[in-house]
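A closer look at the structure
In case you want the letters, here they are:
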Amino acid sequence: MSRGKICLVLSAVIYGTAPLLSRFAYEGGVNGITLTFLRTFLMLPLLFVIMLFRRQSFRLSRKELYSIIIFGAFGGSLSIISLYAAYDYISTGLATTLHFIYPLIIVIVSAFIYKEKITKLKLAAVMFVTIGIFLFVDINTAADKIGIMLAILSGIFYSFYVIYMDHSGIDRMDYIKLTFYLMIIMSGGTLIFGGLTDSIHFNNITAEGWFFSTLISFVITLGAIPLFQAGVRHEGAATAGIVSAFEPITTIIIGVFFLGETMQFVQYFGGAMIISGVMMAERYG
């Protein structure tokens, strides 16, 4: 497996572990939007110190500033906000499933807009992953149109996040510097949304809640995000979208082994399809 795909798999595993840690944070009085804000905000002081230690310039060119604002606002903030807002209307399983239409969107956009050559093998890979996600994630039949639209929007915004990272050249920035400014934009966007909707609260957060919120912020900010950036830089947007499907597999496996959750046969079948799709992507690469 290539270095880029290893980075993408590791990133997906870290992202897939986050829901388990989030559950402990929720038990400590943290809600979804507050956790989203803390996840992006808490590591800013550490990133600032790292940049000082490395004697790295904080200066951004006009092009870099413009790119980061677009990247962070539309690709980062709106994707997370849309997904968490969807949880208020539909089940997390359905929201997650609809969010993971983004690998298919990425491949379609790459082929028709950026004229990337999509082989039959890669097309089969993304179809396997998309169908596998629908089979793998437990879906509650009760659905709400607003929730469905929000979840689909989260997938569209995230596909923009991946495609923009690949084609704007922003992934070639130093990852600490890029992550620092990305976290500023995302935390600011989430704080504005939380303030307008009165969904950010800190009063009832326990020591446990703060600990797990900080832990999530650490592993995502200094682990998952830089690894994903490196994966996109080496493999491109389409392959990154396919390999990222390891995220829900990690989440379900952790739920089975650590939370006592059960899996149905259809989920095993869906998981096998996802893994097959990722293996096809590996062969393509």
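Refer to the structure presented above.
A few points on the structure. Everything numeric in this text was worked out from a predicted model, so none of it was measured.

Comments concerning the overall build of the chain
From N to C terminus, the chain includes 13 helices and zero strands. If you list the helices and strands of the chain from N to C, you get α-α-α-α-α-α-α-α-α-α-α-α-α. Computed over its C-alpha atoms, the radius of gyration of the chain comes to 18 Å, within 12% of the 19 Å expected for a compact globule of 285 residues. Each principal axis of the C-alpha atoms in the chain carries an extent, and together these give about 45 × 40 × 35 Å. A sequence separation of at least 24 residues applies to 89% of the contacts in the chain between residues at least 6 apart. Surface accessibility of the chain: about 13700 Å² in total, with carbon and sulfur atoms responsible for 67%. The distance from the centre of the 18 positive side-chain charges to the centre of the 15 negative ones in the chain is 14 Å.

A closer look at the nonpolar core
Residues Phe 71, Tyr 161, Val 162 and Phe 228 are the most contacted members of the largest nonpolar core, which totals 63 residues. Here Phe 228 is in contact with Leu 8, Ser 11, Tyr 158, Tyr 161, Val 162, Met 165, Ala 240 and Ser 244, once residues within four sequence places are set aside. Core analysis: the second largest hydrophobic core is formed by eight residues, Leu 83, Ala 86, Ile 90 and Leu 98 among them.

Quick notes on the packing of helix 4 (residues 62–86) against helix 9 (residues 175–197)
Two measures define how a pair of helices packs: the angle their axes make with one another and the distance between the axes. Packing of helix 4 against helix 9 brings their axes to within 8 Å, and their N-to-C directions diverge by 50 degrees. Considering the angle they form, helix 4 stands oblique to helix 9. Where helix 4 crosses over helix 9, the handedness of that crossing is right-handed. Residue-level inspection shows Glu 64, Ile 68, Ile 69, Phe 71, Gly 72, Ala 73, Gly 76, Ser 77, Ile 80 and Ile 81 of helix 4 in contact with helix 9, the latter providing Lys 177, Leu 178, Tyr 181, Leu 182, Ile 185, Met 186, Gly 189, Thr 190 and Phe 193. In terms of residue class, the contact of helix 4 with helix 9 is built from 12 nonpolar, five polar and two charged.

Quick word on the pattern of salt bridges
The final tally for this structure, using the stated rule, is two salt bridges. Ionic pairing is found between Lys 5 and Glu 235, a salt bridge with its closest N-O pair at 3.1 Å. Note that Lys 5 is positioned in helix 1 (residues 3–27) and Glu 235 in helix 10 (residues 207–235), a separation of 230 residues in sequence. Here Lys 5 matches Glu 235 in class, with each residue buried. With a shortest N-O distance of 2.8 Å, Asp 174 and Arg 54 are connected by a salt bridge. Here Asp 174 is found in the loop between helix 8 (145–167) and helix 9, whereas its partner Arg 54 is found in the loop between helix 3 (44–53) and helix 4, with 120 residues between them in sequence.

A short note on the environment of Phe 112
By the secondary structure assignment, Phe 112 is in helix 6 (residues 102–112). On the basis of relative accessible area, Phe 112 is assigned to the exposed category, the value being 63%. The sequence separation of Phe 112 and Phe 100 amounts to 12 residues, and the corresponding C-alpha distance is 20 Å.

Description of helix 12 (residues 246–258)
In a regular helix each residue adds 1.5 Å, so 13 residues correspond to 18 Å; helix 12 covers 18 Å between its end C-alpha atoms and thus fits that length. Listed as buried for helix 12 are Phe 246, Pro 248, Ile 249, Thr 250, Ile 252, Ile 254 and Gly 255. Immediately downstream of helix 12, the backbone of Gly 260 shows phi near 70 degrees, a positive value.

Digging into the packing of aromatic side chains
Counting across every chain of the model gives 17 aromatic pairs. Between Phe 202 and Trp 210, the aromatic rings sit 6.4 Å apart at their centres with planes inclined by 10 degrees, giving stacked as the arrangement. A residue is classified by how much of its surface remains accessible, and Phe 202, at 34% relative accessible area, is partly exposed. You can call Trp 210 partly exposed: its relative accessible area is 33%. In textbook terms, an aromatic cluster arises when at least three aromatic residues are bridged by ring pairs, as seen for Phe 71, Phe 100, Tyr 102, Tyr 158, Phe 160, Tyr 161, Tyr 164 and Phe 228.

Considerations on the environment of Ser 159
Position of Ser 159 among the secondary structure elements: in helix 8. Of the residues examined, Ser 159 reaches a relative accessible area of 3% and is grouped as buried. In this structure, the C-alpha to C-alpha distance between Ser 159 and Val 107, residues 52 residues apart in sequence, is 9.4 Å. What Ser 159 contacts, discounting residues up to four positions off in sequence, is Tyr 102, Ile 105 and Ile 106. Polar contacts involving the side chain of Ser 159 include one to the main-chain carbonyl oxygen of Ile 156, which spans 2.6 Å.

Each value, and the rule that gives it
- Residues numbered from 1 in each chain as written.
- Predicted model: local features only at pLDDT ≥ 70, side-chain atom pairs only at ≥ 80, totals over all residues.
- Heavy atoms only, no water.
- Helix = DSSP H or I, 4+ residues; strand = E, 2+ residues; numbered from the N terminus.
- Rg over C-alpha atoms; globule rule 2.2 N^0.38 Å.
- Contact = heavy atoms within 4.5 Å.
- Areas by Shrake-Rupley, 256 points an atom, 1.4 Å probe, with all protein chains shown as cover.
- Lys, Arg positive; Asp, Glu negative; His and termini not counted.
- Charge placed at Lys NZ, Arg CZ, Asp CG, Glu CD.
- Core = buried A, V, L, I, M, F, W, Y, C linked by side-chain atoms within 4.5 Å.
- Buried < 20%, exposed > 50% of the residue type's maximum accessible area, 1.4 Å probe, protein only.
- Axes fitted to C-alpha atoms, helices over the stretch in contact; angles between N-to-C directions.
- Parallel < 35°, antiparallel > 145°, perpendicular 65-115°, else oblique.
- Left-handed = near helix turned anticlockwise from the far one by under 90°.
- Nonpolar A, V, L, I, M, F, W, Y, C, P; charged D, E, K, R; others polar.
- Salt bridge = Lys/Arg side-chain N within 4 Å of Asp/Glu carboxyl O.
- Expected span 1.5 Å × (residues − 1).
- Phe/Tyr/Trp six-rings, centres within 6.5 Å; stacked < 30°, edge-to-face > 60°.
- Polar contact = N/O pair within 3.5 Å; in protein donor to acceptor, adjacent residues only side chain to side chain.

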